[in-house]
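Chain by chain, the residues:
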Amino acid sequence: MTTWAIFYLVCFLVGVTMTVLSFLGGNLSLPHVHLNVPHGGHVATPHVAGGTQATAGRGADMPFFNFATATAFLTWFGGTGYLLTRYSTLVVSLIMLIAVVVGLVGATIIFGFVVKVLMKHDRELDPADYERVGALGRIISPIREGGTGEISFSQEGTRQTCGARSEAGEALAKGTEVIITRYEHGIAYVRRWDEMAEKKAGSS
């Protein structure tokens, strides 16, 4: 076996080994991204939250040269170079050129797969999406006067519940629609939705 054949074979084996190890380790795409589980929008309420809107398409921030594309390049480059060296009569420089081109093609395919498939729905999470103040909820366990009950509300498309107290200290019956005005120590302080709506209409 020639020196070039050994060189290409080593590149191929290193690429395959790194790919297998990365799959077993669950980190084929090393760039750290926040994966987004598809959710519905936050319930529209009088609350206005500050912050930057979530940025979709995190794949645009992923560099072309990364662990995944490097392993793909080594595998395709090494495999192509080895086969051409062993079973063709092409000169060394031409084999090298073809192997580099094929390696880049392989790296590009992997890059496209990661960006367009694995990272398709990735985005930065906006803290405002998880802000409970201003969320519209419903009493599911009555709040006694000065006491604590329980509310249910939607946030990022999931139904959540938490303990609740009336901001005004009044009793609130089961089924009453409320707005979370503040959230402290796991307790949501709420006001009636119709009360808030009337106050907003009166100030308009």
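Heads up: the structure comes first, above all this text.
Scoring rules and cut-offs
As a convention, each chain's residues are numbered from 1 in the sequence order in which they are written. Reporting in this predicted model follows two pLDDT cut-offs: at least 70 for local features of residues, and 80 or more for side-chain atom pairs to be given and counted; totals over whole chains, interfaces and linings ignore these cut-offs and use all residues. For side-chain calculations, the full set of non-hydrogen atoms in the structure is used, while hydrogens and water are omitted. Definition used for salt bridges: Asp or Glu carboxyl oxygen within 4 Å of a side-chain nitrogen of Lys or Arg. Going along the chain from the N terminus, every DSSP run of H or I of four or more residues is numbered as a helix, and every run of E of two or more is numbered as a strand. Relative accessibility under 20% of the residue-type maximum defines a buried residue, over 50% an exposed one, and the middle range a partly exposed one, all with a 1.4 Å probe and only protein chains included. Nonpolar side chains (Val, Leu, Ile, Met, Phe, Trp, Tyr) are joined into patches within 5 Å and like charges within 9 Å, using only residues with over 30% relative accessible area and no salt bridge. Areas reported as accessible are Shrake-Rupley estimates using a 1.4 Å probe. Residue values count occlusion only from the protein chains shown. Joining through side-chain atoms within 4.5 Å is the link that ties buried Ala, Val, Leu, Ile, Met, Phe, Trp, Tyr and Cys residues into a set, and such a set is a nonpolar core. Any two residues whose heavy atoms approach within 4.5 Å at even a single point are treated as in contact. Any two strands between which DSSP finds at least two bridges are classified as paired. Helix axes are fitted to C-alpha atoms over the stretch in contact, other axes to C-alpha atoms as well, and angles between N-to-C directions run from 0 to 180 degrees.

Asks: Requested: an account of the pattern of salt bridges, with residues and values cited.
Replies: Between side chains of opposite charge, a pair can form when the charged atoms approach closely. Counted by the stated rule, this structure contains four salt bridges. In this structure, arginine 138 and glutamate 177 form a salt bridge, with 3.0 Å as the shortest nitrogen-oxygen distance. A residue pair is termed long-range when its members are at least 10 positions apart, and arginine 138 in strand β1 (residues 136–141) and glutamate 177 in strand β4 (residues 177–184) qualify at 39 residues. The shortest N-O distance in the salt bridge between arginine 192 and glutamate 170 comes to 3.6 Å. Of this pair, arginine 192 sits in strand β5 (residues 187–192) while glutamate 170 is found in the loop between β3 (158–166) and β4, placing the two residues 22 residues apart along the sequence. Looking at glutamate 170, the relative accessible area reads 26%, which means it is partly exposed. Salt bridges sharing partners connect three or more residues here, namely Glu167, Arg182 and Glu184.

Asks: Which residues make up a nonpolar patch on the surface, and what values go with them?
Replies: Among the surface-exposed residues, Trp76, Leu90, Val91, Leu94, Leu97, Val101, Val105 and Ile109 lie close enough to one another that they form a single nonpolar patch of about 670 Å² accessible area. Per-element accounting of the nonpolar patch gives the leading share, five residues, to helix α3 (residues 92–118). Within the secondary structure, leucine 94 sits in helix α3.

Asks: Which residues make up the nonpolar core, and what are the values?
Replies: In this structure, Ala135, Ile139, Ile143, Ile151, Phe153, Cys162, Ala164, Leu172, Val178, Ile180, Ala188 and Val190 together form the largest nonpolar core, which totals 12 residues. When contributions to this core are tallied by element, the ones reaching two or more residues are β2 (148–155), β3, β4 and β5. With near-sequence residues (within four places) excluded, isoleucine 139 lies in contact with Glu150, Ile151, Leu172, Ala173, Lys174, Gly175, Thr176 and Val178. Counting eight residues, the second largest nonpolar core, distinct from the first, contains Ala5, Cys11, Phe77 and Tyr82.

Asks: Give a detailed account of the sheet that holds β2, specifying residues and quantitative values.
Replies: Taking strand neighbours around the barrel as the criterion, the five strands line up as β1-β2-β3-β5-β4 in a closed arrangement whose pairing is mixed. Going from strand to strand, the sheet's axes swing by 55° on average, the running direction of each strand aside. Note: β1 against β2, four bridges, orientation antiparallel. Within the sheet, the bridge partner assigned to arginine 138 lies in β2 and is serine 152.

In short, shape yes, function no, at least from these values alone.
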